[in-house]
Amino acid sequence: MTHPRATPAARTDSTHGTTQDRGNTDSAQAPEDAETRDAQAPEDDTQGTHTAHTPSPADLRRHLTTHLEQAARTWLEHALDEAAAHPGIHGPISPWELRLAEAGRRCGAAHADAARVLILHAARAGTDALTRVYFQGTGDERRAVLHALPHLVSGPGALPLVEDALRTNDTRLLIAAVGPYAARHLAPHDWRHAVLKCLFTGVPVEHVADLPRRAHGDGELARMLGDYAAERTAAGRTVPEDLYRVLDLTESVTPAPGTDHPHGKES
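In this report, the structure presented in the accompanying data block is examined.

Conventions used here
Each chain has its residues counted from 1, following the order in which its sequence is written. The model is predicted, so local features are restricted to residues of pLDDT at least 70 and side-chain atom pairs to those at 80 or more, both for listing and for counting; the totals for chains, interfaces and linings are taken over all residues. The side-chain values count all of the structure's non-hydrogen atoms but skip hydrogen atoms and water molecules. Going along the chain from the N terminus, every DSSP run of H or I of four or more residues is numbered as a helix, and every run of E of two or more is numbered as a strand. Only protein chains enter the accessibility calculation, which uses a 1.4 Å probe; a residue is then buried when its area is under 20% of its type maximum, exposed when over 50%, and partly exposed in between. Between the first and last residue of a helix there are one fewer steps than residues, each counted as 1.5 Å, and that sum is the expected span. The term bend refers to the angle at a residue between two fitted axes, each drawn through seven residues, those ending there and those starting there. The contact rule is simple, with two residues in contact once any of their heavy atoms fall within 4.5 Å. One side-chain nitrogen of Lys or Arg within 4 Å of one carboxyl oxygen of Asp or Glu is enough to make a salt bridge. Note on aromatic contacts: the rings of Phe and Tyr and the six-membered ring of Trp form a pair at centre separations within 6.5 Å, being stacked when their planes are under 30 degrees apart, edge-to-face when over 60 apart, and tilted otherwise. Lines fitted to C-alpha atoms define the axes, with helix axes restricted to the stretch in contact, and inter-axis angles between N-to-C directions lie between 0 and 180 degrees. Under this scheme an angle from 65 to 115 degrees is roughly perpendicular, one under 35 degrees roughly parallel, and one over 145 degrees roughly antiparallel; angles in between are oblique. Less than a right angle of anticlockwise turn of the near helix away from the far helix marks a crossing as left-handed, whereas a clockwise turn marks it as right-handed. Each residue is assigned to one of three groups, with Ala, Val, Leu, Ile, Met, Phe, Trp, Tyr, Cys and Pro labelled nonpolar, Asp, Glu, Lys and Arg labelled charged, and all others, Gly among them, labelled polar.

Here we look at the environment of A144
Here comes step 1: Turning to its location among the elements, A144 is positioned in helix α7 (residues 139-152).
Here comes step 2: Judged by relative accessible area, A144 falls into the buried class, the value being 0%.
Here comes step 3: Sequence separation of A144 and Y134 is 10 residues, and the distance between their C-alpha atoms is 8.6 Å.

This is the structure we're talking about:
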């Protein structure tokens, strides 16, 4: 069945949500926007569309070793050694949890996310520790937890953290939430709604990890996207170009005959 498509008059305005989590003190550069883009090693891309790469801890450490000033490098090495020596949860707060709070001041906003991920990795933080940091931490610490999940949690046990982040309108938290961990473990229904949340909030779908594979042949996602496009068109609003990119990946919708735009609707 062909689902309705609307001709986009222009790319939709990027509507970034209001930050809802507390204490978001670092600058507006998430790892994807700054150093992890430089440090990342490309993954296999069998669909021809490469999205949301995540660097390994070794990549991040090499990058920080190169880019941090000497004082920051010394602090980070000490923090990592301390975390490795006292892993897991210890009492009301572990020493490495204090280092997470210091990372922005010690390493600078541009490098703080990567430093926090490395500290979590050195501390071998399990699901319980990550959950504690996430719900007790600042927005910056929550984001670091989400970025660390692929490296530290093998099963779906940390999905409540992803689901919580997807309920916010903080675009930096959403970007972290739709990474490789979500791609591996989110159920189809929840994953589809995560894609739609990105469209609602203006998060570019290039941040959705493993998007081509998960969207391929997903007729229900195509239906939801078609409905959303129709709603926006009926309201006189533009349809995000990203919606059409995802719709094409589903390979489930064919343009109506006679249209003069590959995603158009006959006028």
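Description of helix α4 (residues 95-107)
Since the α-helix advances by 3.6 residues per turn, residues separated by three or four positions end up pointing in the same direction.
Here comes step 1: Its 13 residues place the ends of α4 17 Å apart at the C-alpha level, agreeing with the 18 Å of an ideal helix rising 1.5 Å per residue.
Here comes step 2: The largest bend in α4 comes to about 45°, at A101.
Here comes step 3: At its buried positions, α4 is contacted by α3 (70-85), α5 (109-122), α6 (127-136) and α7.

Some words on the pattern of salt bridges
Here comes step 1: Under the criterion given, the structure shown has 15 salt bridges.
Here comes step 2: Here D210 makes a salt bridge to R213, at a shortest N to O gap of 2.5 Å.
Here comes step 3: Its relative accessible area of 46% is what places R213 among the partly exposed residues.
Here comes step 4: Linking R223 and D227 is a salt bridge whose minimum nitrogen-to-oxygen distance equals 2.7 Å. A residue pair is termed a helical-turn pair when its members lie 3 or 4 positions apart in one helix, as R223 and D227 do in helix α13 (residues 219-234) at four residues.
Here comes step 5: Taken together, the shared-partner salt bridges connect E82, R99, E102 and R106 into one network.

A word on the packing of aromatic side chains
Here comes step 1: The tally for this structure, following the rule as stated, stands at two aromatic pairs.
Here comes step 2: Arranged with centres 4.9 Å apart and planes meeting at 80°, the rings of Y134 and F135 form a pair that is edge-to-face.
Here comes step 3: Relative accessible area serves as the criterion here: at 0%, Y134 is assigned to the buried category.
Here comes step 4: Both rings, one in F200 and one in Y228, keep their centres 4.9 Å apart while their planes meet at 75°; by these two values the pair is edge-to-face.

A word on the packing of α4 against α5
Two packed helices can be described by the angle between their axes and the distance between those axes.
Here comes step 1: Between α4 and α5, the shortest axis-to-axis distance is 7 Å and the interhelical angle comes to 160°. One element, α4, and the other, α5, form an angle in the roughly antiparallel class. Of the two elements, α4 crosses α5, and the hand of that crossing is right-handed. Residues W96, R99, L100, A103, G104 and C107 of α4 pack against A109, H111, A112, A115, R116, I119 and L120 of α5.
Here comes step 2: Among the residues forming the contact of α4 with α5, the class breakdown is nine nonpolar, two polar and two charged.

Functional significance is not addressed by these values, which are geometric in nature.
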